[in-house]
Amino acid sequence: VQLQASGGGLVQPGGSLRLSCIVSGYTGTPYALGWFRQAPGKEREFVGGINWNGGRTDYADSVKGRFTVSRDNAKNTVYLQMNSLKPEDTAVYYCASKRGSGSVATDPTLFGSWGQGTQVTVSS
């Protein structure tokens, strides 16, 4: 299984970015996906996640109403739309996947495969 995250960059406060995560290796197998982030000097934290068919999502309180996770299974791609970005959203963002058709997972230890991370910097 391989995950490739992209779409990070530098954006001003209040701006938007859309991250993408291309997933390969799960042919015919359902999987859930989560987005996590890690800022310098801080632990990795859950941002948002989506279950195998897109029917369920979950978000950290800090991003609810601003971030949206979606997926296009035909393209094997999961997205993180980030709006109204704040300086405290600055971090390296990672996508991670786990096999199964259950609910959204928020615990990073449950995810078996991780992408390489993409830097998001929110600054004026």
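Quick caveat, the model's predicted, so the values are computed rather than measured.

Structural notes on the pairing of strand S9 (residues 91–99)
Most of S9 sits out of view: 7 of its 9 residues are buried. Two strands pair when backbone bridges link them, and strand S4 (residues 31–38) and S9 are joined in this way by 8 bridges, in the antiparallel orientation. When the sheet's bridge partners are listed, phenylalanine 36 is paired in S9 with tyrosine 94. Of the strand pairs in this sheet, S9 and strand S11 (residues 118–122) are connected by 3 bridges, and their pairing is antiparallel. When the bridges of S11 are listed, tyrosine 93 appears paired with threonine 118. Across 2 bridges, S9 lies against strand S10 (residues 113–114) in antiparallel orientation. Following the sheet pairing, alanine 96 is matched in S10 by tryptophan 114.

Some points on the state of the cysteines
Under the criterion given, the structure shown has 1 disulfide. Across the disulfide from cysteine 21 sits cysteine 95; the S-S distance is 2.1 Å. In this structure, the disulfide formed by cysteine 21 and cysteine 95 twists by about 70 degrees around the S-S bond and is classed as right-handed. Remark: cysteine 95 occurs in strand S9 and cysteine 21 occurs in strand S3 (residues 17–24); sequence separation between them is 74 residues.

Some points on the packing of aromatic side chains
Following the criterion strictly, the structure yields 6 aromatic pairs and no others. Judged by centre distance (5.2 Å) and plane angle (80 degrees), the ring pair of phenylalanine 36 and phenylalanine 111 falls under edge-to-face. A residue pair is termed long-range when its members are at least 10 positions apart, and phenylalanine 36 in strand S4 and phenylalanine 111 in the loop between S9 and S10 qualify at 75 residues. Accessibility expressed as a relative area gives 0% for phenylalanine 36, which makes it buried. The exposure class of phenylalanine 111 is buried, given its relative accessible area of 6%. When the ring of tyrosine 94 is compared with that of tryptophan 114, the centres are 6.5 Å apart and the planes differ by 75 degrees; the resulting orientation is edge-to-face. Here tyrosine 94 is found in strand S9, whereas its partner tryptophan 114 is found in strand S10, with 20 residues between them in sequence. In this structure tryptophan 114 comes out as partly exposed when scored by relative accessible area, which is 29%. An aromatic cluster is present here, built from Phe36, Phe46, Tyr94, Phe111 and Trp114 joined pairwise through their rings. Taking the ring centre of tyrosine 31 as reference, the NZ or CZ of arginine 71 above it sits at 4.5 Å.

What counts and what doesn't
- Residues numbered from 1 in each chain as written.
- Predicted model: local features only at pLDDT ≥ 70, side-chain atom pairs only at ≥ 80, totals over all residues.
- Heavy atoms only, no water.
- Buried < 20%, exposed > 50% of the residue type's maximum accessible area, 1.4 Å probe, protein only.
- Helix = DSSP H or I, 4+ residues; strand = E, 2+ residues; numbered from the N terminus.
- Pairing = 2+ DSSP bridges.
- Disulfide = S-S within 2.5 Å.
- Phe/Tyr/Trp six-rings, centres within 6.5 Å; stacked < 30°, edge-to-face > 60°.
- Lys NZ or Arg CZ within 6 Å of the ring centre and 35° of its normal.

Don't take any of this as a statement about function, it's just geometry.
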